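Examination of the molecular architecture
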Amino acid sequence: MKKIKVKLLEIKEEPLAIRTDFIKLDQALKFCGIAETGGHAKELVEKGAVRVNGETCLSRGKKLFAGDTFEYRDVRFKIEKEAG
């Protein structure tokens, strides 16, 4: 029997500070630089490439609040409310 090595994907977590009470998923994807345009953000979400709080999200208008996370590939962003 042959052994197979599996390399686990390391997820980097980065903060995403917002000034408002929430940010919509498509806006967050543009704000952090994952998506170049709203259309690109829509495409990523519709393909199921984005996870929100650990679950695949197909709603680009999903509201993200402080404490929520979203991930794309090997990066996870945590929403934080900016003080002030």
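In what follows, the accompanying structure is described. The structure displayed is predicted, hence computed values, not measured ones.

Turning to the state of the cysteines, a few remarks are in order. Applying the stated criterion across every chain, the model contains zero disulfides. C57 supplies the cysteine sulfur nearest to C32, a cysteine that is in no disulfide, at a spacing of 14 Å. Note on C32: relative accessible area 22%, which makes it partly exposed. Look at C57 and you get buried, because its relative accessible area is 9%.

What follows covers the side chain of D68. Of note, D68 is situated in the loop between β5 (63-65) and β6 (69-72). Although buried, D68 forms no salt bridge, and the nearest oppositely charged side chain, K62, lies 6.2 Å from it. If near-sequence neighbours (up to four positions away) are discounted, D68 is found in contact with N53, K63, F77, K78 and I79.

Quick look at the environment of S59 now. Within the secondary structure layout, S59 lies in the loop between β4 (55-56) and β5. For S59, a relative accessible area of 38% translates into the label partly exposed. Between the C-alpha atoms of S59 and I23, which are 36 residues apart in sequence, the distance is 13 Å. Residue contacts for S59: discarding those within four places in its chain leaves L25 and V45.

With 20 residues, the main nonpolar core has L25, L29, I34, V50, L64, F70 and I79 as its most contacted residues. Once residues lying within four places of it in the same chain are set aside, the contact partners of I79 are L16, I18, I23, L64, F65, A66, G67, D68 and F70.

The next subject is the packing of aromatic side chains. All told, the structure shown has two aromatic pairs when counted by the stated rule. When the ring of F22 is compared with that of F65, the centres are 5.7 Å apart and the planes differ by 50 degrees; the resulting orientation is tilted. Of this pair, F22 sits in strand β2 (residues 22-24) while F65 sits in strand β5, and the two are 43 residues apart along the sequence. Using a relative accessible area of 38% as the deciding quantity, one classes F65 as partly exposed.

Thresholds, definitions, all that
Each chain carries its own residue numbering, running from 1 in the direction its sequence is written. In view of the model being predicted, local features appear only for residues whose pLDDT reaches at least 70, and side-chain atom pairs are presented and counted only at 80 or more, with totals across whole chains, interfaces and linings using the full set of residues. Excluded from the side-chain calculation are hydrogens and water; included are all heavy atoms of the structure. The definition used for a disulfide is geometric: two cysteine sulfur atoms within 2.5 Å. For each residue, the accessible area found with a 1.4 Å probe, counting protein chains only, is set against the maximum for its type, and the residue is called buried under 20%, exposed over 50%, and partly exposed in between. Numbering of helices and strands runs from the N terminus; a helix is a DSSP stretch of H or I covering at least four residues, while a strand is a stretch of E covering at least two. When charges are counted, Lys and Arg are positive and Asp and Glu negative, with His and the chain ends excluded. When a carboxyl oxygen of Asp or Glu is within 4 Å of a side-chain nitrogen of Lys or Arg, the pair counts as a salt bridge. Contacts are assigned to residue pairs with any non-hydrogen atoms lying within 4.5 Å of each other. To qualify as a nonpolar core, a set must consist of buried Ala, Val, Leu, Ile, Met, Phe, Trp, Tyr and Cys residues joined through side-chain atoms within 4.5 Å. Here a Phe, Tyr or Trp ring, Trp counted by its six-membered ring, pairs with any other such ring whose centre lies within 6.5 Å, and the pair is stacked when the planes are under 30 degrees apart, edge-to-face when over 60, and tilted otherwise.

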